[in-house]
Each structure stands twice: as C-alpha cells, then as structure tokens.
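Residue-level structure breakdown
What follows is each chain in one-letter form.
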Amino acid sequence: MGRSGCLFLFLLLSILVVHCIAIFLFINGFLLTRTELPHYSHCSDVSQSPCGHDDTKTCWTKPAVHRIIIIVLDALRFDFVAPSTFFQEKKPWMDKLQVLHKLASEKSNARIFKAIADPPTTSLQRLKGLTTGGLPTFIDIGNSFGAPAIAEDNLIHQLVQNGKRVVMMGDDTWTQLFPHHFNKSYPYPSFNVKDLDTVDNGCISHLVPTLYDDDWDVLIAHFLGMDHAGHIFGVDSVQMIDKLQQYNEQLEKVVEVLQSQSGKGGLHENTLLLVMGDHGQTVNGDHGGGSPEEVETSIFAMSMKKPSFPVPSEFDTSSCKLDLDGRKLCISSIEQLDFAATVSALLGIPFPFGSIGRVNPMLYALVAGTWNLENCDMISNNSQLKMEKWMHNYAKVLCVNSWQVKKYIDVYTDSSVIGFSIDDLKHVQEMYSQAVNWSTDSLHDDMSSFDALKKKIDLYSNFLASVADLSRTKFTEFDLRKMSIGFSILLASIFFHLFVIKRVDDMYITDFHYHEANTVSCGLVVSCIIVAARACSFLSNSYILEEGKMTSFLLASIAMLAFRHSIMTKKMISEAAALVLLIFILRFTIEVGLSKQDSPKESEFQSWAYAADLFPILPLIILAFLLYKSISSSSCNRLLKFVITGSICSYVLVALHFTLASSSLSHMIPPVFDGIKGNFIPRAIYVTGIAQLLSLAVFQLFEEDKSSKWEEIILMKAVAMLSVWSSTLVILSGKQGPWIALASVIGGWLITRLKDLDQDCKNGSTGLLARYSSSVAQWSFLASCFFFCTGHWCAFDGLRYAAAFIGFDEFTIIPQAILLTIEAYGFSHILPTLGLPFLVVYGRVSNKTRQTRESLIQLFQVYLIYGVIMAVTTAFTVLCVMIQRRHLMVWGLFAPKFVFDVVGLVLTDALICVSSLIYFVRA
C-alpha cells in the first residue's frame, strides 16, 4: 500500500476508534440497568410494619388459595381472548378461545382481564417483570437470546423459600431464569421460530396428567407456538387460527379436570387457574416495542370456589358487553406490574422485595378465601357489614403492600448511585404518611364506616399508583457526566471529520492545479440543508415514528431538484425521471410493507398464485445477466471472475429455493428435489459466500492483477464484493429480496449517472466536496429507504427474526446473530457502503498514474462525506435520547432508535475501513 493509502486508512481507523469510544461512554451513562438490590423479603419482616399483624400462623397475608395453575400463552393478544363484540371490527382470529368466553360469562368465579405490560415487550423482560414485580430495564434485551438467572428477589424464589412446590413445563427460558427452583421441570428449546409444535406438544403431554398429582402447589405451563406462528406467518394466518383452536381444546380439558376435582375435599377444591399472556403482538407477529397491540395482553382467572358476592362497585372498573351468544361478559383491567404482589397475597407469601405493584382488587376478590365470608347469609340484613369486613381485609393487605413498596423505595434510594430526587421522595413520604396515619386511627376498628374504609383503600391505592408512575419515568439511572462526555467526543469527531474533508479538498485542488475550482455548488447547499433537516427531525418522536416516509420525502426533494435541472439543461432527463419514479415506488413499498409474506390463501385465479411465486425469479435473472456482462467485458484477474461466477450460481440456487418453497407449485415439483428442500440450499449459499470471501482475501494478499487499469480493478472488486453479499442477503430477505436488490442496482446506477448534473462548469473544475456531496447524500438517503422498504423500523419488533433461522432449525447464538445482522443492515448499510466506489470509478478507465491518484483521493473523499452524514444523523439521535431520557417512550422508541443508529454508524465505519484495505491496496 502506498503512502497515501496508509494515511487514508489511518485516518478512517482513527474515526472508527473515536466513534467507538464516544458510543461506549455514552452507553455506559445511558443504558445502565436499574440497581438490583441483594435483599429478600422474609415472613418475619412484617412485624416491622404498621399494619397490625397479629396472626402468628400466617406470613404477610392470610392464604386465600392453596394451588395456582399458571398457563402462559406466549404473545397472547387482548383480542385473542376478548369477544369480537368489544371491538369495532371483527377479525378472523377473534372468538377462537370460546371456552374462556363461556366461563367468564356464565360463572361468577371466572373473569377476563385486559393486562397492560410495560415496554420493552420481549419475552425475557416480561417474565422478569411478572416475577419480580418491577419494571423492565432496556439493557435486558441484550440477554433475550441467553437469559441469565434472575439474581434479585422474585415470586418463584419466595414460593420455594416458603415451602411451595413448583412444577414448570414448556419454554426453557424459565429454567434459564430460575435454574434451581423447580421440583420438576420439562423444558423445551424456545428459539426455533419455525417450530410451532415442539414446545406446545411438550406442555400438552405433561399438563393434564400433572393436574392429577398432589406433589405441587404452583404449576407453570408456557406454550410458545402462537408466538412463533406470529413471527413466521403473522396474526392473520391459518397457522395462528389453528393454534388458537388447539389452545381452546386444551383449556377445555384443563377446566374439565379442575371442575371434576373441585368438590369438598377434592384435589382442586381451592385452586386458582390463570391463563395469561406475557405480551401481545402486532398483526405482523412482532413484539418488543410499546404499541397498544404489543403491550395489551390478557389474563383469564377462574377460582374453583365461588365468591360470596360481587366485588363492591366502587372498586369494579369492568366494561361489560354481550358476547356472540348474547351472554353478558365483563372485562376488568390489570397492570402486569401488579401480578407478583397479587399472587403473593393470594398464596400468603412475602412480596418480592423489589415489587412496586399493587394487589389488584378484582383478581384478589375472585378467590372466596380472601373475604372470609363463606358462612355469611347474603340475604341477611348485615350485607353492609359483610362488605365492610371485606374492605377491612383488603385495606390490611394494601397496608402491607404499601409498607413493602415504601421500604423498597427507601433502601433503593440509599443503595443506588442516583436514586430518586429529594422532591420525589418528599412527595412519596407525604402520601404514605397520610395513608398510614389514616389507617392508624381506624385500622383496629372493625365497625369503621364504609366511607372511612373506602378512603383508607383510596389513600393506599393512590400511593402505590404514584410510586409506579414515578418509577416508570425515573427508575433507570442515568450518568449525565458519562453521557455528556460521550456526546462531546462524538461531536468533536464530526468537527475532525469535517476538518479532514476540508483538508482533502484543499489538497486535491492544489495537487491537481484546479486553482479556480468552485468549492461551493448548488448540490452542496441543498445536501447540507436536507441532511440537517433529517438530523434535526430525530429530536421529535413523531418524526422518528414516520422516519421511513420522511426519508423518502427528503430523497424525493433532492431528486425533484435534479429532475428540474436536467430539464433546464436538457441533459439526462430520462435518468432523472427514472430516479423520481424509483423513489415513488420505494415510498409505496414503505407504505404497504413487504416484510411479511401473506399466508397462503385460496384463490379463484390459481395463475395469480403461480405468478406470485415465480415473479421474484425475474429480477434474479436480470441480476445474473448484469454480473455476466461485467465479467465478459472485463480483462480482470480470473480469480475475480471466478468469484462473480459463484454469485451467478448462487442466484440460481436462490431461484430454486423459492420455487421449491412455493406452496402453489409444490405439486408440480419432481420428487427428486425433495432431498434439497429446507436447509440445504441456504446453507450451500452461505458456504459459497464464505468461500468467495476467502478467495477475495487470497486475491488481495497474494495475487497480482495484470491489468494496469486501476479504475477497472476497483470496479470489478466492488462488483465481486457486492455479488458475494447480495446472494446471502437476497435469500434472507425472502421473495422481496431480489426486487430490493435490483432496485438498489438501478438506484445506484442512476445516482452515479446524475452525479455531475449540477456542476456549473466542466468536470474537474469543482472541489470534491462540491462535486460529490449531492450524490453521496442521495446514496445515503436511498440506503436508508431500503431499510424501511424491507419491512424494518427502528424498534426491536422491527427485526425480522425468522430470517435468522433460514437454513437452520436449532438456535445457536453466533450464526443466528450474524444472519439477523446481515438481513437487518444488508441493504441499508453493507451493500451501499461497499458500493460507494461506483460513484468515482464508473465510466472512468485510465492508464495514467496522475488520474489513478486523482481517483484514489476522490474515493477517499467520498468515504469521508458518507461517513460524516452517518455521524451527523447519529449525533442527533444521541442528543435526542439525552433530552428525552425521562420521556415515557424512552424505552419503547428513543432507546431502540439509538441502538439501531449507533450500531449502523460503527458498522459503516468498519465497512469503510475494510473497503479501504480492499480498494487502496497497491494503489
């Protein structure tokens, strides 16, 4: 590598290192986990409470239920459980769990709840939140594919410590979170999203037989097929409806067994059944964010004992409507945050030390034992007294609940680096003192008036609600010092970046004697304005939500200016018009979305089904033809031609894979191809890609290309690199992949053709920044549009997790992580960055050393401009999360956007450095 190439590589590596340092510091200040305290609740602790605990036979609360069965249906949307009459529009997936409708409407001891989860809504964080009673922390998402054991106090730990026997079956995440807690466990692997049945069949095989055993107190069965069906096929699919019907049949069997043994002295005389979801899912089957579809799930609760009388109307927030059969059905609401505290109160065990939830009155009242009123005559004149007795019992439970939460807040503040502010603590203390003082006056007065009891309950409830709201905004600690240092370094790196760009521009003008060159152009001004507008938009959550549309609009704005200029100059009008048309098509795909393939449906016109399956083969043919033309007209090294030929063969395999995977063409495929269906072709493409990359490395290190045309060598290397990555990316992206790949080729070619359109003078009379700023900005915006066109968005439910299992049935973190990264960032970062040399060398072939060095400097400048655009947009994202760190949407929106952007920036910097090694060597 020449002296200039070494210098260029050093500068690019320096920028990468500085960005990594800045991001590392900022992450350490921003994505800190909530401080997990090493404290655990004990039965004896309640003696310190002001709640008048005199019963030495009980722990914190009097046990209300002997056994609990928790059936978790992963990704259980609220409208899977609630009747369709509760919604404006009926959907195909509604009204499938009929057994829950029937029980909730006909029996007073059964009720449906709308359960609200706290984002992020990944399964790991929801299970952790359900069992600890605390709020999720964003950093836990990184452990979603390898859950560590929960170290802080939790519901499962309290069950075991207080002699409760726990049996688990289903999703193996439970055994990862609680490795030594279960008396019996039947875990099944959970990460093969293509497998809809293994986990469910395992639960089914053990669930009903275990109901007849008397060696457990809490049974947990976690079904997973519905979550996987959503990820692969979407909610509106045959597979999803089949799963719901399967669950309905299984729940009928469970209820039948429980009711048959719920008589006096029966095994399930005092058993509580909970059928619940850990989170919801979007119509596309995704989850992780904070949209209503993702955070709204359900809990169905049924006690084997009938309650003495309905819960007092003052505490009943139910919404009642008629179901499809005309039966009245009421649905209550519950926060998932309240689950751990409520279950602990029902079982009479200590609440988890870090729980900040409230014992839910509706769920608590559903179990007859909580009221102590089984022997009361409801028709007697003392019904008011009985109601006051229940309220008195519930007030005592809330007193213990509030005391535990207050104790946790005090210890957390003393132990945490930052904790709550003085004003916040003062407000919390005042609310708690008001509730306790009121309770102290009336706690031992069993004949307290209804109003006094209601006031007592309201004070405790308001205190607990206030703590929960405060915690949602201020629980996670932020180290502003580290965040500020990280942001400052990132900002400084941008100024350094701009300084290097200016120096390279001056060097170019001086070295090549363009003393009268223009350093400012119309394209430069417009590009700066557009890039600044996009960056500033990230300070608004509304623009982040609509980022795909906004980016395509800004790209269209630049393209329309170019189109106007082409008309005025009568140059390249067709190319400019084609670019505008392409952007319009991309905007349409952003609106419609191509990330989820519709489930196979019966069609009256079978030919349309054939066309849909065969249509993606057309762009593959075009791409293969373009690769063939590139090597047939080139005099480059045979090894490069061999690599590109390998990509053509991979395209053939991709076409074969799409054909074999086609449901409409399956009856036409000869049996000889049965052996290569499934994983064989994807793995063959992956192996081919690895072999091609190794071949390019050999060429780079050991082969001496005989061609003296530097531009041609660079061009063919770029073609080879793009072709190697494209075949893997296309198969990971599904049937939309070939079209996006073809669109990226067309878009890149059009931008390359139009790059000199806005120059005021002839080629070579402008500085590099003025010459390339517009085309590089368009290149960057086009790349961003491809991210959204492929069905992604900056949230964890915007990842297409199914792509990680193309070619694999079992989960292994490294290969799956690599495939998911390639699919997510392929069209938006990998291919655009590797393809930047086209902007410089396409259409330029020269044997002159002077022009070769000129092209080398131009390529380096293009990389710098592209990198600084990425850095500016990322810096504004970082600024946004600094400002919005206390926003309610910080973990559902701003933090995911931050993660996507910083990963994209580091990936882009790394790819630029790798490209420098490839393209500048021997320059």
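Note: the structure precedes this text.
First, a word on scope: everything that follows refers to the structure included in this document. (Residues numbered from 1 in each chain as written. Predicted model: local features only at pLDDT ≥ 70, side-chain atom pairs only at ≥ 80, totals over all residues. Heavy atoms only, no water.)

1. Notes on the pattern of salt bridges
Operational definition: Here, a salt bridge means any side-chain nitrogen of Lys or Arg that lies within 4 Å of a carboxyl oxygen of Asp or Glu. Remark: exposure states derive from per-residue accessible area (1.4 Å probe, protein chains only) relative to the maximum for the residue type, with buried under 20%, exposed over 50%, and partly exposed in between. Numbering goes from the N terminus for both helices and strands, where a helix is a DSSP run of H or I of at least four residues and a strand is a run of E of at least two.
Considering all chains together, one arrives at 22 salt bridges under this definition. Here Asp79 ties to Arg77 by a salt bridge, and the two come within 2.8 Å at their closest N and O atoms. The pair Asp79 / Arg77 is uniform in exposure class, with both members buried. Residues Lys114 and Glu296 are paired through a salt bridge, measuring 3.9 Å at the closest nitrogen-oxygen approach. Of the two residues, Lys114 is situated in strand β2 (residues 110-116) and Glu296 in strand β7 (residues 296-303); the sequence distance between them amounts to 182 residues. One salt-bridge network, held together by shared partners, links Glu106, Asp323, Asp325 and Arg327.

2. Regarding the state of the cysteines
So the rule is basically this: Two cysteine sulfurs form a disulfide in these notes if their separation is within 2.5 Å.
Inspection of every chain in the model, using the stated rule, returns three disulfides. Here Cys43 pairs with Cys59 through a disulfide, and the sulfurs are 1.9 Å apart. Negative torsions about the S-S bond denote left-handed disulfides, and the value of about -110° found for Cys43 with Cys59 makes this one left-handed. Of this pair, Cys43 sits in the loop between α1 (3-30) and β1 (67-73) while Cys59 sits in the loop between α1 and β1; the two residues are 16 residues apart in sequence, bridging distant segments of the chain. Judged by relative accessible area, which is 30%, Cys43 ranks as partly exposed. Judged by its relative accessible area of 9%, Cys59 falls in the buried class. Between Cys51 and Cys399 runs a disulfide, and the two sulfur atoms are separated by 2.1 Å. With the S-S bond torsion at -90°, the cross-link from Cys51 to Cys399 turns out left-handed.

3. Thoughts on the nonpolar core
Cut-off, in case you're wondering: Take the buried Ala, Val, Leu, Ile, Met, Phe, Trp, Tyr and Cys residues and link them wherever side-chain atoms come within 4.5 Å; each set so joined is a nonpolar core. The contact criterion used throughout is that any non-hydrogen atoms of two residues lie within 4.5 Å.
Formed by 148 residues in total, the largest nonpolar core has its most connected members in Phe30, Phe860 and Tyr919. In terms of residue count, the dominant contributor to this core is helix α30 (residues 849-883) (19 residues). Dropping the residues within four chain positions of it, Tyr919 is found in contact with Trp710, Ile714, Lys717, Ala718, Met721, Leu834, Pro837, Leu859 and Tyr863. Core analysis: the next-biggest nonpolar cluster, separate from the first, contains 81 residues, Ala115, Val218, Val397 and Trp403 among them.

4. A few points about the side chain of Ser84
Note the cut-off: The definition of a polar contact used here is a pair of N or O atoms within 3.5 Å, where within protein one atom must be able to donate a hydrogen and the other to accept one, and adjacent residues in sequence count solely through side-chain atom pairs.
Mapped onto the elements, Ser84 comes out in the loop between α2 (78-81) and α3 (98-106). The buried category is assigned to Ser84, whose relative accessible area is 6%. Separated by 2.6 Å, the side chains of Ser84 and Asp95 make a polar contact. Ignoring any residue separated from it by four or fewer positions in sequence, one finds Ser84 in contact with Lys90, Met94, Asp95 and Leu324.

5. Overview of the packing of helix α25 (residues 710-732) against helix α28 (residues 813-834)
Each packed pair of helices is defined by two parameters, the angle between the axes and the distance between the axes. Put simply, the rule is: Angles here are taken between N-to-C directions and fall from 0 to 180 degrees, while the axes themselves are lines fitted to C-alpha atoms, restricted in helices to the stretch in contact. Roughly parallel refers to an angle under 35 degrees, roughly antiparallel to one over 145, roughly perpendicular to one between 65 and 115, and oblique to any angle outside these ranges. Throughout, a crossing is termed right-handed when the near helix is turned clockwise from the far one, and left-handed when it is turned anticlockwise from it by less than a right angle. Note on residue categories: nonpolar means Ala, Val, Leu, Ile, Met, Phe, Trp, Tyr, Cys or Pro, charged means Asp, Glu, Lys or Arg, and polar means any other residue, Gly included.
Between α25 and α28, the least distance of the axes is 9 Å, while the angle of their chain directions is 150°. What the angle tells us is that α25 and α28 run roughly antiparallel. Like other packed secondary-structure pairs, α25 and α28 cross with a definite hand, here left-handed. Between α25, through Ala718, Met721, Leu722, Trp725, Ser726, Thr728, Leu729 and Leu732, and α28, the contact on the second element is made entirely by Leu819, Ile822, Glu823, Gly826, Phe827, Ile830, Leu831 and Leu834. A breakdown of the residues in the contact of α25 with α28 according to their chemical character gives 12 nonpolar, three polar and one charged.

6. Quick notes on the packing of helix α16 (residues 480-511) against helix α27 (residues 768-789)
Across the interface, α16 lies against α27 with an axial gap of 9 Å and an inter-helix angle of 125°. In terms of orientation, α16 lies oblique with respect to α27. Side by side, α16 and α27 meet where Ile501, Val504, Asp505 and Tyr508 of the first sit next to Leu768, Leu769 and Arg771 of the second. A class-by-class count of the residues in the contact of α16 with α27 yields five nonpolar, no polar and two charged.

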